Amino acid sequence: QVQLVESGGGLVQTGGSLRLSCAASGRTFMTYNMGWFRQAPGKEREFVAGITRNGGRTYYADSVKGRFTISRDNAKNTVYLQMNSLKPEDTAVYSCAAAPTATTYYEITQTAQYDYWGQGTQVTVSS
């Protein structure tokens with residue numbers, strides 16, 4: 001069992017930055033690949049970024065590539081999402097999730113691969 005708690009969301013102007021954190025409980029954090037997803041009002045949940053267990057590989061949605069960076073600190077049981085050059089279309093609830101086996105780009109982008117989800121944190125980008 002893994003419990004995930006996100007923090008760091010808020011209101012920011014276009015072009016601004018935020019850093020989201022996702023703290024995981026338990027001593028098995030390092031065995032999970034981690035992902036960030038987001039869901040805007042009236043839209044389906046979409047993949048944002050993913051990272052493998054040891055941080056060796058990272059994956060990004062085209063819409064955030066070059067602006068967002070995912071990282072993890074296994075000693076702190078935490079995964080991060082640094083978001084720069086934010087745009088109004090980045091407004092959404094951002095959730096982190098843990099996947100036990102997903103490693104390829106296709107797998108890590110699929111919500112069905114994730115066993116555990118956080119409650120989400122709201123990010124609002126004003127124009």
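For the structure, see preceding data.
Below: a short report on this structure. (Residues numbered from 1 in each chain as written. Predicted model: local features only at pLDDT ≥ 70, side-chain atom pairs only at ≥ 80, totals over all residues. Heavy atoms only, no water.)

Here the focus is the state of the cysteines. A full pass over the atoms with the stated rule returns one disulfide. Note that Cys22 is cross-linked by a disulfide to Cys96, the S-S spacing being 1.9 Å. Judged by the sign of its S-S torsion, about 55 degrees, the bond between Cys22 and Cys96 is right-handed. Here Cys22, found in strand β3 (residues 18–24), pairs with Cys96, found in strand β9 (residues 92–99); they are 74 residues apart in sequence, far enough to count as distant. With respect to class, Cys22 is no different from Cys96; both count as buried. (Disulfide = S-S within 2.5 Å. Helix = DSSP H or I, 4+ residues; strand = E, 2+ residues; numbered from the N terminus. Buried < 20%, exposed > 50% of the residue type's maximum accessible area, 1.4 Å probe, protein only.)

Moving on to the sheet that holds strand β7 (residues 68–73). Overall, antiparallel pairing links the four strands, which are arranged β1-β3-β8-β7 in an open sheet. On the outer flanks of this sheet lie β1 (4–7) and β7, each paired with one strand and no other. Neighbour-to-neighbour, the strand axes of the sheet open up by a mean angle of 15 degrees, direction not taken into account. For β3 and strand β8 (residues 78–83), the ladder comprises six bridges, and the chain directions are antiparallel. Looking across to β8, one finds that Leu18 is bridged to Met83. (Pairing = 2+ DSSP bridges. Axes fitted to C-alpha atoms, helices over the stretch in contact; angles between N-to-C directions.)

Ranked by internal contacts, the top residues of the largest apolar core, which has 39 residues, are Leu4, Met34, Trp36, Leu81, Met83 and Tyr94. Of all elements in the fold, only β3, β4 (33–39), β5 (46–51), β6 (58–60), β7, β8, β9 and β11 (121–126) reach the threshold of two or more residues within this core. Top element by residues in this core is β9. It accounts for six residues. (Core = buried A, V, L, I, M, F, W, Y, C linked by side-chain atoms within 4.5 Å.)

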